[in-house]
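# Descriptive analysis of the structure
Given next are the chains, with one letter for each unit.
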Amino acid sequence: MHSSINETKSVGLSADAAGAGRATDFRQARRRERRYGYLLSFPALLGLFMFLVLPFLMAVGMSFTDQRLLSPNAAEWVGLRNYERLLSVDWLVQEAERSDLGEVVRDAGGEPEFPSLRTVLRGDPAYREYREFTSWQWGEKRYVLLAKDPRFIQSFLNTLLFVMLVVPLQCGLALGLALLINRQLRGISVFRAIFFSPVVTSIVVVSIVWTFLYHRDVGVLNHYLQALTFGLVGPIDWLGDSDWAMPSIVIMSAWQACGVQMLIFLAGLQGISQDLYEAAELDGAGRWSQFWHITLPGLRNTMVFVILSTTVQAFGLFTQVDVMTGGGPQGSTSTVMFHAVAKGFREQDIAYGSAISVVFFLVILLIALLQKKFFDAREAK
Amino acid sequence: MADLQLEGVVKRFGEVQTIHGIDLDVTHGEFVVFVGPSGCGKSTLLRLIAGLEELSEGDIRIGGESVAHLPAAQRGVAMVFQSYALYPHMTVRENMGFGLRMAKFDKAEIDRRVEEAAAILKLEPLLERRPKALSGGQRQRVAIGRTIVRNPKVFLFDEPLSNLDAELRVQMRVEIAKLHAALGNTMVYVTHDQVEAMTMADKIVVLRDGRIEQVGSPLELYLNPVNEFVAGFIGSPRMNFFECRVLDVADDRLRLELPGDERIDMPADATGLRSGDRVTLGIRPEHILEHDRADIRLAIDVEVVEHLGGSTFVYARHIGGDAITLQVGGLSDIQPKDHRRVSFSRQICQLFDGDGRNISPHKVPGELKDEEPGQAATA
Ligand SMILES: Nc1ncnc2c1ncn2[C@@H]1O[C@H](COP(=O)(O)OP(=O)(O)OP(=O)(O)O)[C@@H](O)[C@H]1O
Ligand SMILES: [Mg+2]
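Residues numbered from 1 in each chain as written. Chains lettered and ligands numbered in written order. Predicted model: local features only at pLDDT ≥ 70, side-chain atom pairs only at ≥ 80, totals over all residues. Heavy atoms only, no water.

### What about the interface of chain B and chain A?
Taken together, the contact between chain B and chain A spans 23 residues of the former and 15 residues of the latter. Here chain B and chain A share an interface that buries about 1600 Å² over both sides, 61% of which is from carbon and sulfur atoms. Among the residues of chain B in contact with chain A, Tyr87, His89 and Met102 of chain B are the three that bury the most area, contributing 28% of the side total. At the boundary of chain B and chain A, one finds two salt bridges. Glu278 of chain A is the salt-bridge partner of Arg47 of chain B, the closest N and O atoms lying 2.6 Å from each other. Along the contact surface separating chain B from chain A lie seven residue pairs in polar contact (both at pLDDT 80 or more). Listed by contribution, the elements that provide at least two residues to the side of chain B that touches chain A are α1 (42-50), β6 (77-80) and α2 (92-102) of chain B. A per-element tally of the side of chain B that touches chain A places α2 of chain B first, with four residues. Per-class residue counts for the side of chain B that touches chain A are 14 nonpolar, four polar and five charged. (Contact = heavy atoms within 4.5 Å. Buried area = accessible area lost by both parts, 1.4 Å probe. Salt bridge = Lys/Arg side-chain N within 4 Å of Asp/Glu carboxyl O. Polar contact = N/O pair within 3.5 Å; in protein donor to acceptor, adjacent residues only side chain to side chain. Helix = DSSP H or I, 4+ residues; strand = E, 2+ residues; numbered from the N terminus. Nonpolar A, V, L, I, M, F, W, Y, C, P; charged D, E, K, R; others polar.)

### So, the side chain of Gln194 of chain B
All names here are of chain B. With respect to the helices and strands, Gln194 occurs in helix α6 (residues 194-200). Within polar-contact distance, the side chain of Gln194 engages the backbone nitrogen of Gly235 at 2.8 Å. Those residues in contact with Gln194 that sit more than four places away from it in its chain are Phe233, Ile234, Gly235 and Ser236.

### Remarks on the domain arrangement of chain B
All names here are of chain B. Here chain B is partitioned into domain 1 (4-230) and domain 2 (232-367). For domain 1 and domain 2, the distance between their C-alpha centroids amounts to 37 Å. On the side of domain 2, 19 residues touch domain 1, which itself brings 19 residues to the contact. Summed over both sides, the interface between domain 1 and domain 2 buries roughly 1600 Å², with carbon and sulfur atoms accounting for 56% of that surface. The tally of links between domain 1 and domain 2 comes to zero salt bridges. Applying the counting criterion to the domain 1 and domain 2 interface returns 17 residue pairs in polar contact (both at pLDDT 80 or more). Of all the secondary-structure elements, those providing two or more residues to the side of domain 1 that touches domain 2 are α6, β9 (203-208), α7 (218-223) and α8 (228-233). Here the side of domain 1 that touches domain 2 is built from residues that sort into 13 nonpolar, four polar and two charged. (Domains from an automatic or database assignment.)

### Focus: the site of ligand 1
Residues and elements named next belong to chain B. Inspection of the region around ligand 1 gives Phe13, Thr18, Ser38, Gly39, Cys40, Gly41, Lys42, Ser43, Thr44, Glu159 and His192 as its neighbouring residues. Residue Ser43 places a side-chain N or O atom 2.6 Å away from an oxygen atom belonging to ligand 1. The contact in question runs from an oxygen atom of ligand 1 to an N or O atom on the side chain of Thr44, over 2.5 Å. Summarising the interface, the protein chains cover 57% of the accessible area of ligand 1, which totals 640 Å² for the free molecule. A breakdown of the residues in the shell around ligand 1 according to their chemical character gives two nonpolar, seven polar and two charged. (Near = heavy atom within 4 Å. Areas by Shrake-Rupley, 256 points an atom, 1.4 Å probe, with all protein chains shown as cover.)

### Some points on the sheet that holds strand β19 (residues 350-352) of chain B
Residues and elements named next belong to chain B. Ordered by their spatial adjacency, five strands build an open sheet running β13-β12-β11-β14-β19, and the pairing between neighbours is antiparallel. Looking at which strands have only one partner, the edges of the open sheet turn out to be β13 (263-267) and β19. Averaged over all adjacent pairs, the angle separating strand axes in this sheet is 40°, with direction ignored. Where strand β11 (residues 240-249) meets strand β12 (residues 253-257), four bridges bridge the pair, whose relative direction is antiparallel. Note on β12: the bridge partner recorded for Asp248 is Arg255. (Pairing = 2+ DSSP bridges. Axes fitted to C-alpha atoms, helices over the stretch in contact; angles between N-to-C directions.)

### Regarding the sheet that holds strand β3 (residues 141-147) of chain A
Residue and element names in this part refer to chain A. Taken in spatial order, the three strands make up an open sheet running β1-β3-β2, and their pairing is antiparallel. Two strands close off the open sheet at either side, each with one partner strand: β1 (89-95) and β2 (131-138). For this sheet, the mean inter-axis angle between neighbouring strands, taken without regard to orientation, is 20°. Bridging between β2 and β3 involves seven bridges; their strand directions are antiparallel. Within the sheet, the bridge partner assigned to Arg131 lies in β3 and is Ala147. Against the sheet, helix α4 (residues 150-181) makes contact with β1, β2 and β3, and its axis sits at roughly 70° relative to β2, the strand it touches most.

Here it is as structure tokens:
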């Protein structure tokens, strides 16, 4: 009896001891594993730090100074001056000029005349450094929007316009192509390669080629346009007309980049079980219903990823503008990135360029977060 | 009335022909099971009926009307997929109502039918859930519910239970059988599983390489398989086969030499056989007796014994060296390494000629009663 109790006890004890030993082993193994984890990710983390985090921190630091790109003078701390210059906007209302009799002075076309804006801005210390961004006339008044860097504001709006046009176009194109080549036909991989080839071609080369395609007089596009409409439409000066320049860049950019999204969509499509389509077919769903009720919902996550990544990519528009239009005509294709490079490198004001980059980074971050939140909310529904 | 008729059905995928001229008549309300080894064309045949594959030749009629040129949705068939194929982003209710929605039924009617089907399958508490939040068995029931809602003329099932665990499989098997009894529709069911086929079918269709080997009731196939293939395929554990040499031929009898030199007389359709020919004797494991008092005796060396409680599987070798399986009573005292004599009745065994054709006399269940062996002998 005694001995049996003792035995149980000792067995219990040793089991406990063994358990404790195992737990330490386990913890040690975990620690060792974590160490390997850090070790293996070190090169990637180092690269990330050196080429992404560090330059960004440097840009943040520089944006508070008056650093020039190449200058013998030491940089000085200027606080928020760069940001102020970047973001300051104001407005004023001008009354039409009146004659001594109190009548509105009109030009030859019958339009009221206004005092020279430049004189007004010079005359008032509150408007120092401000320049006209845009203005419109309403009866005998003229409303003027002012900014310290109107080109930045314009570039920002241009960039937003570009994003809003190119994201739907590029994603739609990518989805369309993915649907087209997602079938078992002989030689389909050839099409896949063809559709993907613009992506692996240098964007500079593509831009140059498209500059020729878009050319007003010798461009293929205008030739086709005129041939197909029997000369009724065109020729259009695609890149030289401030209304057409941005849409032209949008079309070319979507064409060039959609191959990547096409491949992602293709992977998404292949992840949708064929059984679902057959079940839907038996349920009497036609092609369109199948697309709407099976394909689109099945691509939801892919779609979120594609839209998010395309948006972020689109905000970075630079090369096409640099090669094809140089930001013109009349700044209609200037983008934030283009403006930042123009200020920071061409005008050597690297501190101001840094401020632009920092602000722009925050804007993109905000938009990406909002998009994600929007999709998450829909997911939860 | 929704009879289902297949007439000379042929299916080719490009050059490769996988279904070689199938003729089959299914009367209204029958439960038909397709069985056969993997790749024999069960699924293809089912998909041809469903309209998911196009016929290469032949005709399919449902309720007397040719459906060969109708799209799947208009054939009046509904199918339960092995993978269930539930629409992942729709609730159970939407899943079940999707077909009606596509057919432009009004909302009230859809709700009524969905709830009716949900009641039959006890799915009411789950109607607002997504498939993701259901267990395997519940998904299975939704998949079945989706077909019931459309009230099809013919139900098609492609291995619907193969993703479920054993217990659930038995339960769902019973539920489908009940459903069939309640609805009375024609059902075509594809399975790998012996037990499913034997328990559920009114009629079993045994397929091999795109051809029908035999059509018949479960018991008919069990007692009178037309050939060696069907004999081996129906029944579990598998029938034992022995090569025998014909010593002497009379009109309706054969004198055979079993491996191990035992000589026996067997009733058989002996036309075309000559002495010296080889024939195959088949005996089911459950028909071998533990004692040596029946007509045909064998000496065996026991290798492995599996006690299942209700019955015992014995894996052994007999004198000739061939493997032999016995199914005996649960309380059998057979031990591994035993050396013993077993026996079976000549009336219950099958005889196949060189081409595998069954040449033993037709068996009728009632006449075999007294010979029914195995469990009774040990009890
Ligand atoms: N789309 C297809 N293209 C070419 N061959 C096919 C196609 N579908 C099926 N087959 C062939 O047809 C034959 C029958 O296939 P099926 O899927 O009907 O077999 P099964 O009896 O259902 O097998 P399992 O029990 O494994 O499901 C197989 O040899 C298969 O390779
Ligand atoms: Mg199959």
